[in-house]
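Residues per chain, in single letters:
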Amino acid sequence: MSDESSLRFEFIKGIWHENPVLRQLLGMCPTLAVTTTALNGFTMGVATSFVLFSSSIVVSLLRKVIPQQIRIPVYTIIIATFVTIADLFLAAEFPELSKALGPYVPLIVVNCIILGRQEIFSSKNPVYKSVVDALGMGSGFILTLVILGSVREILGTGSFFNIILFDNFQKWVIMALPAGAFISLGFFVALVNFVSKKQATGYK
Amino acid sequence: MKDVIKRISVLVLVSIFSGLVLSQVYNYANPNIVENQKDAIEKAIFNLIPLTVNYEFKKIGNQDIYFCYKKNQDLAGYVFKAQGMGYQGQITFMVGLNKDLKKLKGIEILKHSETPGLGAKIVTDGFRKQFENLKIYPTIEYAKSSDSLKENQIQAITGATVTSKSIVNILNTKLKDVVSVLKNYR
């Protein structure tokens, strides 16, 4: 595999083959909790991707310095630092969004996607590869959250990115509630499994 | 031994560095955050009592109250913050109180985490307008249907009775404290 196509693979895998939410089933808590609207999903996705991107660079840079035995606490400190930066930045510049996301921004620190990528990828690969991996995983996460948020927002409140779509719309209240998150995520995972199975048999 | 020292020094260095970075970010962000909170409170005060030209913050007893004054420096009313548990989390809102201490001027929601599409409707004008000129005696109540609403009643949001009830309860508790403090103050 040439270097360029391997980089492309590292990026694409985060969106499809190894999509953090739909294939690895990681980071379920924010996925279920903040996807009540498309905008909330998008903001959460961007904040998480920022943390993932920055910590991947730092972890990858320090990968030869960090002793094996204390790698997890060091990753945690690095991730927590970036989460706090993201939290402060949102509160300072976008108070409305920060209000809407509430406690879920500080909770990015325990998002398994981030710690998982540091452990599996950034700690073993050079910086440029880790950056591409983080960008791919981040895009996959944002995309999933926005799609899930859109479905729940359209059905649950009859709007899309806070723009009202229908005037006389009978809202599917359940879609705005936690149960709606589980139902739509379940359908979504099933759909992706179905499509990738079709793909796999198609290759034979 | 050498390994242990290396581990300790790496952890210490990473922590110190992280602390340094965070203190810098905090220095930049904190003035904005404080400003944002102040803006939100100020906006709420002017919305609740539109005649307000200037206001004064006073701490009486253990209650924080904003005294609002008209152009001729007559008292226009009082504004204070109320906070309590809603359906899914804390609800924080500002309350405007008439200077006669008998009726409300209205409420402005500052912070909540209620269900979108249901409890989150507390921020809509339709719900909040009900608190304008609402009688606070004997207590504020909520009703489930709109017919025959009394002067001290608001209509609960359909599908979000818990949220509506929480707001009414938070209001009643806080009003009791604030009114008794203000009565003694005059």
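Each remark here, short or long, concerns the structure printed above.
Below or above, wherever it landed, is the structure these notes cover. Predicted, not measured: the structure shown is a model, and the values here were computed from it.

What about the overall build of chain B?
Assigned secondary structure in chain B consists of 3 helices and 7 strands. Relative to the compact-globule value of 16 Å for 186 residues, chain B shows a C-alpha radius of gyration of 22 Å, a clear excess of over 25%. For chain B, the spread of C-alpha atoms along the principal axes amounts to about 80 × 45 × 25 Å. Taking all 186 residues of chain B together, the buried fraction comes to 41%. Pairs at least 24 apart in sequence give 47% of the contacts found in chain B among residues at least 6 apart. Working note: accessible area of chain B is about 10400 Å², and carbon and sulfur atoms make up 55% of it. Averaging the positions of the 26 positive and the 16 negative side-chain charges in chain B gives two centres separated by 3 Å.

Digging into the nonpolar core
Grouped together as the largest cluster of nonpolar side chains are 43 residues, with contacts concentrated most on A:Leu22, A:Val51, A:Val74, A:Ile108 and A:Leu185. Elements with a contribution of two residues or more to this core: α2 (28-34), α3 (38-61), α4 (71-93), α6 (112-122), α7 (127-157) and α9 (178-203) of chain A together with α1 (2-48) of chain B. Residue contributions to this core peak at 12 residues, all from α4(A). With residues near it in sequence (within four places) discarded, A:Leu22 still touches A:Thr144, A:Leu185, A:Phe188, A:Val189 and A:Val192. One finds B:Ala82, B:Leu104, B:Ile170 and B:Val181 within the second-largest nonpolar core, a separate group that totals 34 residues.

With respect to the packing of aromatic side chains
Applying the stated rule across the entire model yields 10 aromatic pairs over all chains. Ring geometry for A:Phe50 versus A:Phe82: centroids 6.2 Å apart, planes at 85 degrees, classification edge-to-face. Residue A:Phe50 is found in helix α3, and its partner A:Phe82 is found in helix α4; the two are separated by 32 residues along the sequence. Classification of A:Phe82 as buried rests on a relative accessible area of 17%. Taking 5.8 Å as the distance between ring centres and 70 degrees as the angle between the ring planes, the aromatic pair formed by B:Tyr55 and B:Tyr66 counts as edge-to-face. Taken as a pair, B:Tyr55 in strand β1 (residues 54-60) and B:Tyr66 in strand β2 (residues 63-69) lie far apart in primary sequence, 11 residues in all. By the ring-pair criterion, three or more aromatic residues cluster together here, those being B:Phe46, B:Tyr55, B:Phe57 and B:Tyr66. It is B:Lys58 that lies over the ring of B:Phe67; its NZ or CZ is 4.3 Å from the centre.

As for the side chain of B:Ser164
Relative to the elements of secondary structure, B:Ser164 occurs in helix α3 (residues 161-185). What B:Ser164 contacts, discounting residues up to four positions off in sequence, is B:Phe127, B:Ala156 and B:Ile157.

Some words on the pairing of strand β3 (residues 75-85) of chain B
Residues and elements named next belong to chain B. Both β2 and β3 contribute to a ladder of 5 bridges, which runs antiparallel. Bridge pairing in β3 places tyrosine 66 opposite valine 79. Between the antiparallel neighbours β2 and β3 lie 5 residues, among them glutamine 73 with a positive phi of about 65 degrees. Hairpin connection of β3 to strand β4 (residues 90-98): 4 residues between the antiparallel strands.

Calculation criteria
Residues numbered from 1 in each chain as written. Chains lettered and ligands numbered in written order. Predicted model: local features only at pLDDT ≥ 70, side-chain atom pairs only at ≥ 80, totals over all residues. Heavy atoms only, no water. Helix = DSSP H or I, 4+ residues; strand = E, 2+ residues; numbered from the N terminus. Rg over C-alpha atoms; globule rule 2.2 N^0.38 Å. Buried < 20%, exposed > 50% of the residue type's maximum accessible area, 1.4 Å probe, protein only. Contact = heavy atoms within 4.5 Å. Areas by Shrake-Rupley, 256 points an atom, 1.4 Å probe, with all protein chains shown as cover. Lys, Arg positive; Asp, Glu negative; His and termini not counted. Charge placed at Lys NZ, Arg CZ, Asp CG, Glu CD. Core = buried A, V, L, I, M, F, W, Y, C linked by side-chain atoms within 4.5 Å. Phe/Tyr/Trp six-rings, centres within 6.5 Å; stacked < 30°, edge-to-face > 60°. Lys NZ or Arg CZ within 6 Å of the ring centre and 35° of its normal. Pairing = 2+ DSSP bridges.

These figures capture arrangement, not role.
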